[in-house]
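# Architecture at a glance
One-letter residues, chain by chain:
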Amino acid sequence: MVYRSSGNIEAAMSASTGDKVAHSMKVLEEYAIESSIAKVYGSEMLDFVVDEGVQIFGGYGFHEDYPVCRAYRDSRINRIFEGTNEINRMLIVQMLIKRALGGQLALIPAAMKLAEEVLAGPSFEDAQEGVLADEARVVANCKKMFLQAAGGAMQKYREKLADEQELIAALANIVMEIYAMESCVLRAQKAAAKNPGAAAVMIDATRVFINDAAERAEHEAKRAIAAVNEGDMLITQMAVLKRFAKRAAVDTIALRRNVAAAVQSQDRYPFEGR
């Protein structure tokens, strides 16, 4: 996500032909959502990683003679400074809605298209082929989950949506998972295009991540939809969500073992420079 966002920012800034300062400020504002996503997702992922690190070290994980102790302590502040993660979650959704209503993001046309798709019933489109094609479809369906959940929330609460902080948090979590999933798929596909053999483990890691992230996105979508609907409408909305959430089962145990073997054989992070 960080490579993707920073690359987009750098490309946009280098395209300046006038006032560079004004252009830079405009570019940074344009990517404020991605920046908030990276801050929240990155800081919470770091917490997970260092916690696992302490667990691996066991009792030594609390001993100052080992580096994981300091990493564990230092990670905690990241969820507070530079805007707490709770505030950034609110900003993500608020900025998305603001840009959608202003016509900067095509969320409203996408939501209308989704409504037509739902009314038309299931379609039998030809399955796309290629590296991680199934995972790309999962990402596309998670985007539909977000449109479904966010559309219902906006329709019910309108300008008072900002007061529904738990609901906004659920929507923000879906957005973050989508951006993370899409970034992961794009990077793995790019690596596979350069060297298919060398990218095999990265593809395995991507498949694991997409499977787990899609489950989290579905969980948050259920939470959001249940907060907005009730009765027969809730039953209908959950049936629609189930349609979007349909995906093939993945043996993540075997795939995780492949990734772990690559880490152990190199004794380092295996995807550097790809």
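Residues numbered from 1 in each chain as written. Predicted model: local features only at pLDDT ≥ 70, side-chain atom pairs only at ≥ 80, totals over all residues. Heavy atoms only, no water.

Take empty space enclosed by the protein next. Considering all chains together, one arrives at 1 cavity of 30 Å³ or more under this definition. Val138, Asn141, Cys142, Met145, Ala214, Phe244, Ala245, Lys246 and Arg247 are the residues that line the largest cavity. Mapped onto the lining of the largest cavity, the elements with two or more residues apiece are α7 (133-157) and α10 (231-245). A total of 4 residues in the lining of the largest cavity trace back to one element, the largest contributor, which is α7. Grouping the constituent residues of the lining of the largest cavity by class yields 6 nonpolar, 1 polar and 2 charged. (1 Å grid on protein atoms, 1.4 Å probe; cavity = no way out; pocket = protein on both sides within 12 Å on 5 of 7 lines; lining within 4 Å. Points joined across faces, edges and corners; volume = space filled by probe spheres on them. Helix = DSSP H or I, 4+ residues; strand = E, 2+ residues; numbered from the N terminus. Nonpolar A, V, L, I, M, F, W, Y, C, P; charged D, E, K, R; others polar.)

A separate point is the packing of aromatic side chains. According to the stated counting rule, one finds 4 aromatic pairs in the structure shown. With a centroid separation of 6.2 Å and 65° between ring planes, the pair formed by Phe62 and Tyr72 is classed as edge-to-face. Pair noted here: Phe62 is in the loop between α3 (32-57) and α4 (67-75) and Tyr72 is in helix α4, with a separation of 10 residues, a long-range link. When its relative accessible area of 60% is taken as the criterion, Phe62 is described as exposed. Here Tyr72 falls in the partly exposed class, since its relative accessible area comes to 33%. Considering the side-chain rings of Tyr269 and Phe271, the 5.5 Å spacing of their centres and the 80° angle between planes classify their relative orientation as edge-to-face. (Phe/Tyr/Trp six-rings, centres within 6.5 Å; stacked < 30°, edge-to-face > 60°. Buried < 20%, exposed > 50% of the residue type's maximum accessible area, 1.4 Å probe, protein only.)

It is worth spelling out the packing of helix α5 (residues 85-101) against helix α8 (residues 165-194) at this point. One can describe the packing of α5 onto α8 by two numbers: an axis separation of 8 Å at closest approach and a directional angle of 80°. In terms of axis orientation, α5 runs roughly perpendicular to α8. Mapping the contact onto sequence places Arg89, Met90, Ile92, Val93 and Leu96 in α5 and Gln165, Ile168, Ala169, Leu171, Ala172, Asn173, Val175 and Met176 in α8. Across the contact of α5 with α8, the residue classes break down as 10 nonpolar, 2 polar and 1 charged. (Axes fitted to C-alpha atoms, helices over the stretch in contact; angles between N-to-C directions. Parallel < 35°, antiparallel > 145°, perpendicular 65-115°, else oblique. Contact = heavy atoms within 4.5 Å.)

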